[in-house]
Amino acid sequence: MILVADSSALIALAVCDSLNLLDLLFTEVKVPRAVFVEVSKKSKKEADLLDQYLADKIIDVKIDRNYIIKEGTIEIGELEAMTLYKQLAANWLLIDDRRARKIAELNQIKIIGSLGVLLL
């Protein structure tokens, strides 16, 4: 199963020392470059750990603005994550932001949050 991840959920799992659960639960974990750039900023919690964990999981995404239906605004990382989910025909989108989750559901994207991963 393929999981595409967004930044806030990755940071939450890193803080809980639970990134390894992603590798146990999913055959592939992928992130768009915008998510990687966001979580690896030195000002972010667990930036060094996430930089190391995600090093071989990054995919460059070309956004087609007509590919994802949006109501309101979402950040570039969230938009790239949803686009990558569609491009890879992924099984899950790891995302915690409530507004972005609503947009994902509008786009028939199967979502799971950091808490869902911990419960699994």
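Everything below is about the structure shown above.
Residues numbered from 1 in each chain as written. Predicted model: local features only at pLDDT ≥ 70, side-chain atom pairs only at ≥ 80, totals over all residues. Heavy atoms only, no water.

**Student:** Could you give an account of the packing of aromatic side chains, with specific residues and numbers?
**Tutor:** Inspection of the entire model under this criterion finds zero aromatic pairs. Taking NZ or CZ as reference, Lys57 lies 4.3 Å from the ring centre of Tyr53, over its face. (Phe/Tyr/Trp six-rings, centres within 6.5 Å; stacked < 30°, edge-to-face > 60°. Lys NZ or Arg CZ within 6 Å of the ring centre and 35° of its normal.)

**Student:** Can you break down the environment of Leu19 residue by residue, with the values?
**Tutor:** Among the structural elements, Leu19 can be located in the loop between helix 1 (7-15) and helix 2 (20-25). Apart from residues lying up to four places away in sequence, Leu19 is in contact with Leu10, Leu13, Ala14, Leu49, Leu50 and Tyr53. (Helix = DSSP H or I, 4+ residues; strand = E, 2+ residues; numbered from the N terminus. Contact = heavy atoms within 4.5 Å.)

**Student:** Just give me the short version of helix 6 (residues 98-106), but keep the residues and values in it.
**Tutor:** Of all the residues in helix 6, the buried ones are Ala100, Ile103 and Ala104. The arc that holds every buried residue of helix 6, seen down its axis, measures 105°, which confines them to one face. With respect to the buried face of helix 6, the exposed residues turned more than 90 degrees away are Arg98 and Lys102. Backbone nitrogen of Arg99 and a side-chain oxygen of the N-cap are separated by 3.2 Å at the start of helix 6; the cap is Asp97. (Buried < 20%, exposed > 50% of the residue type's maximum accessible area, 1.4 Å probe, protein only. Arc of directions from axis to C-beta. Polar contact = N/O pair within 3.5 Å; in protein donor to acceptor, adjacent residues only side chain to side chain.)

**Student:** A description of helix 4 (residues 47-54) should follow, citing residues and the corresponding values.
**Tutor:** Inspection of helix 4 places Ala47, Leu50, Tyr53 and Leu54 among the buried residues, and these make up the whole buried set. Considered in projection along helix 4, the buried side chains sweep an arc of 130° and stay on one side of the axis. Facing away from the buried side of helix 4 by more than 90 degrees, the exposed set consists of Asp48 and Gln52. The inward-facing, buried residues of helix 4 abut helix 1, helix 2, strand 2 (28-32), helix 3 (33-39) and strand 3 (58-59).

**Student:** An account of a nonpolar patch on the surface is requested, with residue identities and associated values reported.
**Tutor:** A cluster of nonpolar residues, Leu115, Leu118 and Leu119, forms a patch on the protein surface that exposes about 330 Å² of accessible area. Within the element layout of this structure, Leu118 appears in helix 7 (residues 114-119). Looking at Leu118, the relative accessible area reads 38%, which means it is partly exposed. (Patch = residues over 30% accessible without salt bridge, like charges linked within 9 Å, V, L, I, M, F, W, Y side chains within 5 Å. Areas by Shrake-Rupley, 256 points an atom, 1.4 Å probe, with all protein chains shown as cover. Salt bridge = Lys/Arg side-chain N within 4 Å of Asp/Glu carboxyl O.)

**Student:** Give a detailed account of the packing of helix 1 against helix 4, specifying residues and quantitative values.
**Tutor:** Orientation of helix 1 relative to helix 4, taken along the N-to-C sense of each, is 110°, at an axis distance of 10 Å. By the angle between their axes, helix 1 is roughly perpendicular relative to helix 4. Contacts from Leu10, Ile11 and Ala14 of helix 1 reach helix 4 at Leu49, Leu50 and Leu54. Here the residues of the contact of helix 1 with helix 4 sort into six nonpolar, no polar and no charged. (Axes fitted to C-alpha atoms, helices over the stretch in contact; angles between N-to-C directions. Parallel < 35°, antiparallel > 145°, perpendicular 65-115°, else oblique. Nonpolar A, V, L, I, M, F, W, Y, C, P; charged D, E, K, R; others polar.)

**Student:** Go over the sheet that holds strand 2, please, and point to the residues and values.
**Tutor:** Strand pairing in a sheet relies on backbone hydrogen bonds. The paired strands run either parallel or antiparallel. Spatially, the five strands line up as an open sheet ordered 3-2-1-4-5, and their pairing is parallel. The strands lining the two open edges of the sheet, one partner per strand, are strand 3 and strand 5 (111-112). Two strands pair when backbone bridges link them, and strand 4 (residues 92-94) and strand 5 are joined in this way by two bridges, in the parallel orientation. Directly across from Leu93, in strand 5, lies its bridge partner Ile111. Seen against the sheet, helix 5 (residues 76-88) touches strand 1 (2-5), strand 2, strand 3 and strand 4 and runs at an angle of roughly 135° to strand 2. (Pairing = 2+ DSSP bridges.)

**Student:** So, unusual backbone geometry: which residues are in play, and what are the values?
**Tutor:** The general pattern is negative phi for most residues beyond glycine and trans for most peptide bonds. One non-glycine residue, Asp17, lies in the positive phi region at around 55°. Structurally, the position occupied by Asp17 is in the loop between helix 1 and helix 2. Within the chain, Gln108 stands out as a residue other than glycine whose phi angle is a positive 55°. By relative accessible area, Gln108 is classed as exposed at 65%.

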